[in-house]
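Results of the structural survey
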Amino acid sequence: MRTRIVRLVTVLAALLAVFATPAVTATPAQAADNWNPPANLVQPLDEVWRHVESTYPDLYGFRNYGWDQVMANKGSVNYCVRWESDAPVSAALRDQVHAALKKQFGKWTAAMLDNGTGTNAWPYTTVPVNIVGWAVKNRSTLQWTDNSVDIYAGNLDSGGAPQCAPDCGRFFHQDGNYAKCPGGAARHYDQSLWLTKGFEGGAGGDWGQRVGQEYFTGALAQEDIHIYLHEVGHTFGLDDFYDWTPTGQCCFLMKAGSATRITDFDQWMLRDFWRHLKSRYGY
């Protein structure tokens, strides 16, 4: 009987210790997946992700999505403007390009917020865009004398297009080593806004976005510079939809030509990409 009583006391003590232990707050890596798209988007989103998994050659191994860049910078992104044109750029036009770039890029990062809070453990309420340099063939194209941005004149790529110093580019230094960048890590650029005279359509990837110089400067006052927005979607990993359409969806930004703004479906595709990658950052 004594032995049974001792055992009972031991068990009761253990139970009391469990209930008396303070609750442990989950770390980001332990946080539950908060995934609640509208019911009508569940099936098409699943179709999109299964398509991405089956067609991207290194979906989970690739480490230079826009997500990787923002996280490496602890919540910001740096840009270089590649001005592949002989059209002159005044200080006023420069500032308008900067303002439009910040506003348009911000539309994608705003899509990660619900009532001002990051969705599904997304840690940033804003993602500042810093424009650190301009690249031109001839310095005389840029009609300002201040030193607000670094200027790269005559630094051309293999195709003859002006580029900011490769030593400062994340595309060339994905290990984050900018030791040879004249301005150091603070003046590195993650992406390029490549504005090319006479360029039709657009292109986008981890290196940045390329659109027509005339198109972008002509759209500075528009609410949505949709070709640029589409290409930023690619920077964050979103796919094109040239040969198929997800169930029930007809018109969305990443289906080129069918929408001119970020739609609900685009927003939820972006969130789905984050959902599948967030664990690499400990969320």
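Residues numbered from 1 in each chain as written. Predicted model: local features only at pLDDT ≥ 70, side-chain atom pairs only at ≥ 80, totals over all residues. Heavy atoms only, no water.

**Some points on the overall build of the protein**
Where we set the bar: For the purposes of this entry, the term helix denotes a DSSP run of H or I that reaches at least four residues, the term strand denotes a run of E that reaches at least two, and both are numbered from the N terminus. Think of it in three bands: with a 1.4 Å probe and only protein chains considered, a residue is buried below 20% of the maximum accessible area for its type, exposed above 50%, and partly exposed in between. Two residues form a contact once any of their heavy atoms are found within 4.5 Å. A 1.4 Å probe and the Shrake-Rupley method give the accessible areas. Residues count as covered only by the protein chains that appear here.
A count of helices and strands for the protein gives seven helices and 10 strands. Buried positions account for 46% of the 283 residues belonging to the protein. Long-range pairs, those at least 24 residues apart, make up 64% of the contacts in the protein with a sequence separation of at least 6. Just so you have it, the protein exposes about 14100 Å², and 54% of that area is on carbon and sulfur atoms.

**Looking at the sheet that holds strand β7 (residues 150–153)**
In plain terms, the rule: Should DSSP find at least two bridges between two strands, the strands are regarded as paired. The axes are straight lines fitted to the C-alpha atoms, using for helices just the contacting stretch, and the angles between their N-to-C directions are given from 0 to 180°.
Overall, mixed pairing links the six strands, which are arranged β7-β5-β1-β8-β10-β9 in an open sheet. With partners counted over all chains shown, the strands left at the sheet margins are β7 and β9 (202–205), one partner each. Each strand axis lies, on average, 15° off the axis of its neighbour in the sheet, ignoring direction. Note that strand β5 (residues 129–136) and β7 share four bridges and pair parallel. Note that in β7 the partner of Ala-135 across the bridge is Tyr-152. Relative to β5, helix α4 (residues 91–110) is tilted by about 135°, and along the sheet it contacts β1 (77–84), β5 and β8 (191–196).

**Topic: the state of the cysteines**
To keep it simple, the criterion reads: The criterion for a disulfide is a pair of cysteine sulfur atoms lying within 2.5 Å.
With the rule as written, the count across this model stands at two disulfides. Between the sulfur atoms of Cys-80 and its disulfide mate Cys-164 the distance is 1.9 Å. Disulfide Cys-80-Cys-164: torsion about the S-S bond near 85°, hence right-handed. With a gap of 84 residues between them, Cys-80 in strand β1 and Cys-164 in the loop between β7 and β8 connect regions that are remote in the sequence. Of the two residues, Cys-80 and Cys-164, neither departs from the other in class, the shared state being buried. One disulfide in the model links Cys-168 with Cys-181; its S-S distance is 2.1 Å. Across the S-S bond linking Cys-168 and Cys-181, the dihedral sits near 95°, which makes this disulfide right-handed. Of this pair, Cys-168 sits in the loop between β7 and β8 while Cys-181 sits in the loop between β7 and β8, and the two are 13 residues apart along the sequence. Each member of the pair, Cys-168 together with Cys-181, is buried. Cysteine pairing in the protein follows 1-2, 3-4, where each cysteine in a disulfide is numbered by its order in the sequence.

**Some details on helix α2 (residues 39–55)**
Worth spelling out the cut-off: Here, expected helix span is obtained from the residue count minus one, scaled by 1.5 Å.
Look at α2: 26 Å from first C-alpha to last across 17 residues, which is about the 24 Å you get at 1.5 Å a residue. Taken together, the buried positions of α2 are occupied by Leu-41, Pro-44, Leu-45, Glu-47, Val-48, Trp-49 and Val-52. Residues of α2 that are buried in the fold lie against α7 (264–277).

**Notes on the pattern of salt bridges**
As a reminder of what qualifies: For this document, the term salt bridge refers to a Lys or Arg side-chain nitrogen within 4 Å of an Asp or Glu carboxyl oxygen.
For the structure shown, the criterion picks out 15 salt bridges. Note that Arg-271 is salt-bridged to Asp-114, the shortest N-O span being 2.9 Å. Of this pair, Arg-271 sits in helix α7 while Asp-114 sits in strand β3 (residues 113–114), placing them 157 residues apart in sequence. Each of Asp-33, Asp-272, Arg-275 and Lys-278 takes part in salt bridges that share partners, so that together they form one network.

**Focus: the pairing of β5**
Most of β5 is tucked away: seven of the eight residues are buried. For β1 and β5, the ladder comprises six bridges, and the chain directions are parallel. Residue Val-77 lies in a different strand from β5, and its bridge partner there is Val-129.

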